[in-house]
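Residues per chain, in single letters:
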Amino acid sequence: MTRRLSVFGATGSVGLQTLDLVAREPESYRVVAMTGASNVAQLAADARRLRAQVAVTADDARLGDLRDALAGSGVEAAAGRTAVLEAADRPADWTMSAIVGAAGLEPGLRALRHGGTLALANKESLVCAGPLLRAEAARFGATILPVDSEHSAVFQALAGERRADVEKVTLTASGGGLREWPLERLRDATPEEAGRHPNWDMGQRITVDSASMFNKAMELIEAHALFDLGAHEIDAVIHPQSIVHALVQFRDGGVMAHMGMPDMRHAIGYALHWPERRMLPVERLDLAALGRLDFSAPDPARYPAIALAYDVIRRGGLAGAAFNAAKEAALDLFLGRAIRFTDMAPLVERVMTRLDPRLEADTIGLDMVLEIDEEARRVARSLAEDTAWT
Ligand code: NDP
Ligand code: MG
């Protein structure tokens, strides 16, 4: 059966790896929409190759370039935020959500309305609005499948198990590119230094988030949102080799660990073929050749983002939306060299404190999320301008 498939964030690290798998069996899929932002040449080349119905750049100013690159191909070209949302309105059976940042939330929500499968790499949307996404999926009979490698691992370890039997879920973390740095040097880390990852080849933003462990903080919240886990039921352990992706401990003391070589095409392929398993072109694990696997507890002084995540989980409401936006703003400021690497967590904490009374909410709607998102970014930027904020 040919499945209709769309890829949001098609020009990014996850998007390209998704296209790699899709291109291996072109007869199985009909590509509906592909979206990107700045990288119009890549988007056009892949849209031609995969015969997409429409290719969309989120950047209005690049419409002309995209049109030129697609001339004569039969692929429609469109640009702008509204065009991205319209692309999500085109019916598809399987949609990859791999835009980076909160910009991925609305396309994901729209795609759920087709009642198919939303393969969710965009963890920001779960952090901002997990309950909203799940309610929308339930309303339209859609399935959300995690693509973040740790959450795909948890999902796989939970297959056939009862939620009531789960005692604890542990996510592994590589510790990022600055893991071995002396604590006192961290404040001088540059975006280039924080942007190198020992094991995974990912987009720049998530790579820096790995070094600060804001990525793992986001993933703890993501696990809470996906699997109904309380703060006391989730933790993270440093595992430099990234071979074990997550562990689920059951009430009888048994632990299921998901392992594999670090290659996102495993988690992407699992979501693409679920509930079946198919052959995937990933390197096979050879434990004897690896020799050893190491684990250690994350040092709270090195990774202050982790404690912030537990606070977000306990608070619920709009805390996740504020946290994500403050984190995105702090990351922008660090990448723009306006604040130091070690300023990011204290800045996010300050934003959360400042917005405190407004974060409570029993149910959250899209408008509320977008409003607090904007406010948190504004507060983060204005705090950072004041040199005395720390
Ligand atoms: P990349 O930065 O590599 O790619 C991001 C994609 O989003 C690109 O297609 C980019 O377009 C597009 N994009 C950027 N800004 C916007 C915007 N404002 N509106 C619409 N599209 C936009 O990111 P990754 O692939 O690394 O990550 C994607 C998501 O998956 C993130 O949420 C990340 O946390 C998550 N994830 C990634 C993993 C990985 O291994 N990379 C692992 C687990 C989760 P363009 O490049 O053309 O500008
Ligand atoms: Mg991950």
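Residues numbered from 1 in each chain as written. Chains lettered and ligands numbered in written order. Predicted model: local features only at pLDDT ≥ 70, side-chain atom pairs only at ≥ 80, totals over all residues. Heavy atoms only, no water.

### A closer look at the overall build of the protein
And then number 1: Looking only at helices and strands, one finds 16 helices and 11 strands in the protein.
And then number 2: The C-alpha radius of gyration of the protein comes to 20 Å, within 12% of the 21 Å expected for a compact globule of 390 residues.
And then number 3: Taken over 390 residues, the protein has a buried fraction of 55%.
And then number 4: Per element, the accessible surface of the protein, about 16,900 Å² overall, is 49% carbon and sulfur.
And then number 5: For the protein, the separation between the mean place of its 43 positive charges and that of its 54 negative charges on side chains is 2 Å. (Helix = DSSP H or I, 4+ residues; strand = E, 2+ residues; numbered from the N terminus. Rg over C-alpha atoms; globule rule 2.2 N^0.38 Å. Buried < 20%, exposed > 50% of the residue type's maximum accessible area, 1.4 Å probe, protein only. Areas by Shrake-Rupley, 256 points an atom, 1.4 Å probe, with all protein chains shown as cover. Lys, Arg positive; Asp, Glu negative; His and termini not counted. Charge placed at Lys NZ, Arg CZ, Asp CG, Glu CD.)

### A closer look at the site of ligand 1
And then number 1: Taken together, 24 residues form the shell around ligand 1, and within it Thr-11, Ser-13, Ser-38, Asn-39 and Glu-124 come nearest.
And then number 2: Val-14 is positioned such that a nitrogen or oxygen atom in its backbone is 2.9 Å from an oxygen atom of ligand 1.
And then number 3: Against a free-state accessible area of 890 Å², the protein chains account for coverage of 84% of ligand 1.
And then number 4: Looking at the shell around ligand 1, the elements that each hand over two or more residues are helix H1 (13-23) and helix H6 (123-140).
And then number 5: Split by residue class, the shell around ligand 1 holds 12 nonpolar, nine polar and three charged. (Near = heavy atom within 4 Å. Polar contact = N/O pair within 3.5 Å; in protein donor to acceptor, adjacent residues only side chain to side chain. Nonpolar A, V, L, I, M, F, W, Y, C, P; charged D, E, K, R; others polar.)

### Describing the pattern of salt bridges
And then number 1: Evaluated as defined, the whole model comprises 34 salt bridges.
And then number 2: The partner of Glu-328 in a salt bridge is Arg-377, and the shortest N-O contact between them spans 3.3 Å. Of the two residues, Glu-328 is situated in helix H14 (residues 319-335) and Arg-377 in helix H16 (residues 366-385); the sequence distance between them amounts to 49 residues.
And then number 3: Through salt bridges with shared partners, one network takes in Lys-123, Asp-148, Glu-150, Lys-216 and Glu-219. (Salt bridge = Lys/Arg side-chain N within 4 Å of Asp/Glu carboxyl O.)

### Details of the packing of helix H15 (residues 344-355) against H16
And then number 1: Taken N-terminus to C-terminus, the directions of H15 and H16 make an angle of 120 degrees; their axes are 9 Å apart at the nearest point. One finds that H15 runs oblique with respect to H16. Seen from above, H15 lies across H16 with right-handed handedness. Taken together, the residues of H16 that come into contact with H15 (itself represented by Leu-347, Arg-350, Val-351, Arg-354 and Leu-355) are Ile-372, Glu-375, Ala-376, Val-379, Ala-380, Leu-383 and Ala-384.
And then number 2: Of the residues contributing to the contact of H15 with H16, the split by class is nine nonpolar, no polar and three charged. (Axes fitted to C-alpha atoms, helices over the stretch in contact; angles between N-to-C directions. Parallel < 35°, antiparallel > 145°, perpendicular 65-115°, else oblique. Left-handed = near helix turned anticlockwise from the far one by under 90°. Contact = heavy atoms within 4.5 Å.)

### Topic: helix H5 (residues 105-112)
And then number 1: Within H5, seven of the eight residues are buried, which leaves the element mostly enclosed by the surrounding structure.
And then number 2: Turning to H5, its buried residues are Leu-105, Glu-106, Pro-107, Gly-108, Leu-109, Ala-111 and Leu-112.

### Here's the deal with the packing of aromatic side chains
And then number 1: Taken as a whole and judged by the stated rule, the model has four aromatic pairs.
And then number 2: Ring centres of Phe-214 and Phe-323 lie 5.8 Å apart, and the angle between their planes is 45 degrees; this geometry places the pair in the tilted category. Of the two residues, Phe-214 sits in helix H10 (residues 214-227) while Phe-323 sits in helix H14, which places them 109 residues apart along the sequence. Across the pair, exposure class does not vary: Phe-214 and Phe-323 are buried alike.
And then number 3: Judged by centre distance (5.6 Å) and plane angle (65 degrees), the rings of Phe-334 and Phe-341 are edge-to-face. When sorted by exposure, Phe-334 lands in the same class as Phe-341, which is buried.
And then number 4: Linked through ring pairs, Phe-155, Tyr-270 and Trp-274 together constitute an aromatic cluster.
And then number 5: One cation-aromatic arrangement involves Arg-185 over Trp-181; the distance from NZ or CZ to the ring centre is 3.9 Å. (Phe/Tyr/Trp six-rings, centres within 6.5 Å; stacked < 30°, edge-to-face > 60°. Lys NZ or Arg CZ within 6 Å of the ring centre and 35° of its normal.)

### Looking at the nonpolar core
And then number 1: In terms of nonpolar packing, the biggest core is built from 87 residues, with Leu-220, Phe-323, Phe-341 and Met-344 touching the most fellow members.
And then number 2: Here the element with the most residues in this core is H14; it accounts for 12 residues.
And then number 3: Counting 35 residues, the second-largest nonpolar core is a separate cluster that includes Met-96, Met-264, Ala-267 and Val-282. (Core = buried A, V, L, I, M, F, W, Y, C linked by side-chain atoms within 4.5 Å.)

### Considerations on the layout of surface pockets
In this approach a probe as big as a water molecule rolls over the atoms, and the regions it shows empty are the leftover space.
And then number 1: Reported here for the second largest pocket is a volume of approximately 290 Å³.
And then number 2: Lining the second largest pocket we find 20 residues, and of these Gly-130, Pro-131, His-224, Gly-316 and Gly-317 sit closest to its centre.
And then number 3: For the lining of the second largest pocket, the secondary-structure elements that each account for two or more residues are H6, H10 and helix H13 (305-315).
And then number 4: No other element matches H6, which puts seven residues into the lining of the second largest pocket. (1 Å grid on protein atoms, 1.4 Å probe; cavity = no way out; pocket = protein on both sides within 12 Å on 5 of 7 lines; lining within 4 Å. Points joined across faces, edges and corners; volume = space filled by probe spheres on them.)

### Brief notes about unusual backbone geometry
And then number 1: Cis geometry marks the peptide bond from Trp-274 to Pro-275; its omega dihedral reads 5 degrees.
And then number 2: You can see Pro-275 is positioned in the loop between helix H11 (264-273) and helix H12 (287-290).
And then number 3: In this structure, Arg-51 is a non-glycine residue whose phi angle is positive, near 55 degrees.
And then number 4: With respect to the secondary-structure elements, Arg-51 resides in the loop between helix H2 (40-49) and strand S3 (54-57).
And then number 5: The exposure class assigned to Arg-51 is exposed, which follows from its relative accessible area of 69%.
And then number 6: Despite not being glycine, Arg-337 has its phi angle at roughly 60 degrees, a positive value.
And then number 7: Counting through the fold element by element, Arg-337 comes out in the loop between H14 and H15.
And then number 8: Since its relative accessible area comes to 52%, Arg-337 is described here as exposed.

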